[in-house]
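Residue-level structure breakdown
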Amino acid sequence: MSETVTKKKEPGMATLVIVLFAICAITALLLGLTDHVTAPYIAANNEKTTQEAMAKVLPSDSYEKVTDQYTGGDATVEDIYKAGDAGYVVQVKPATSFSGNLTVMVGVGPDGACTGISIVKTGETSGLGSNAGKADWQAQFVGKTGEVKVTKDGGDINAITGATITSRGVSEAVTSAIAAAASMG
């Protein structure tokens with residue numbers, strides 16, 4: 001008895017490459033389209049977050065971006081807004097933070113004292129560094145002037161338990177904001 005064996009034709013290398021290229025091209029196109037569609041919504045959400053943070057740290061009728069007038073050399077200062085006669089709002093991304101992805105909005109009154117802080121962006125550890133967003137912890141920065149430090153470094157800011165690096169980062173941001181506001185006028 002003879003058996004007929006049918007051999008299935010295997011796809012060639014060129015066919016595999018073409019199929020893989022097509023999959024990658026379609027995926028890239030979909031990602032690009034998604035980015036294009038969502039970009040305006042993301043920008044609007046970021047602007048809303050910024051406006052809410054500014055209103056929280058230093059209430060004012062208007063905020064004028066004056067970052068281009070800043071002549072200080074602190075690269076951690078991202079943006080500076082003049083809040084009328086109320087002072088300045090400074091957005092700082094401190095060099096010291098656990099995740100490296102911390103952005104703090106700091107209000108500085110005309111007397112050079114911190115009027116409040118708000119965490120705008122964070123990647124800090126949930127349950128530890130993310131506690132920097134709690135109002136009772138943030139309240140200890142109000143009224144601070146000059147260099148702001150945690151108690152472990154000789155200052156008077158009580159660090160968040162288990163998140164000393166984040167606490168140092170926020171303290172550094174407040175110090176930078178106070179210095180930046182002082183250099184503005």
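In what follows, the accompanying structure is described. This one's a predicted model, so the numbers in the text were calculated from it and none came from an experiment.

On to a nonpolar patch on the surface, then. A cluster of nonpolar side chains, Ile26, Leu30, Leu33, Val37 and Tyr41, forms an exposed patch at the surface whose accessible area comes to about 560 Å². The residue valine 37 is located in helix α1 (residues 13-57) in this model. A relative accessible area of 46% means that valine 37 is categorised as partly exposed.

Between the first and last C-alpha of α1 there are 61 Å, a value that for 45 residues agrees with the 66 Å anticipated at 1.5 Å per step. The principal kink in α1, of about 40°, is found at threonine 38, preceding the proline proline 40 by one to four residues. Looking only at α1, the buried set comprises Thr50, Ala53, Met54 and Val57. Of the surrounding secondary structure, the elements contacted by the buried residues of α1 are β2 (77-82), β3 (88-92), β4 (103-108) and β5 (114-121).

Now for the pairing of β5. Within β5, 6 of the 8 residues are buried, leaving the element largely enclosed by the surrounding structure. Bridge count between β4 and β5: 6 bridges; the pairing is antiparallel. Residue valine 106 lies in a different strand from β5, and its bridge partner there is isoleucine 117. Connecting β4 to the antiparallel partner β5 that follows it, the hairpin turn spans 5 residues, and glycine 112 within it adopts a positive phi of roughly 85°.

Let us look at the pairing of β4. Consecutive side chains along a regular strand alternate between the two faces of the sheet. For β4, the buried fraction is high: 6 of the 6 residues fall into the buried class. Where burial is concerned, the two faces of β4 agree: the one with Thr103, Met105 and Gly107 and the one with Val104, Val106 and Val108 are both buried. In this structure, β3 lies alongside β4, joined through 5 bridges in antiparallel fashion. Paired with tyrosine 88 across the bridge in β4 is valine 108.

With that settled, consider the sheet that holds β4. Judged by pairing direction, the sheet is antiparallel, and its 5 strands sit side by side in the order β1-β2-β3-β4-β5 without closing on themselves. Since the sheet does not close on itself, it has two edges, and those belong to β1 (64-65) and β5, each with one partner. In terms of strand pairing, β2 meets β3 through 5 bridges, oriented antiparallel. Bridging across to β3, lysine 82 finds its partner in tyrosine 88. Packed onto the sheet, α1 meets β2, β3, β4 and β5 and runs at close to 160° relative to β5.

What counts and how
- Residues numbered from 1 in each chain as written.
- Predicted model: local features only at pLDDT ≥ 70, side-chain atom pairs only at ≥ 80, totals over all residues.
- Heavy atoms only, no water.
- Patch = residues over 30% accessible without salt bridge, like charges linked within 9 Å, V, L, I, M, F, W, Y side chains within 5 Å.
- Areas by Shrake-Rupley, 256 points an atom, 1.4 Å probe, with all protein chains shown as cover.
- Salt bridge = Lys/Arg side-chain N within 4 Å of Asp/Glu carboxyl O.
- Helix = DSSP H or I, 4+ residues; strand = E, 2+ residues; numbered from the N terminus.
- Buried < 20%, exposed > 50% of the residue type's maximum accessible area, 1.4 Å probe, protein only.
- Expected span 1.5 Å × (residues − 1).
- Bend = angle between axes of the 7 residues up to and from the residue.
- Contact = heavy atoms within 4.5 Å.
- Pairing = 2+ DSSP bridges.
- Axes fitted to C-alpha atoms, helices over the stretch in contact; angles between N-to-C directions.

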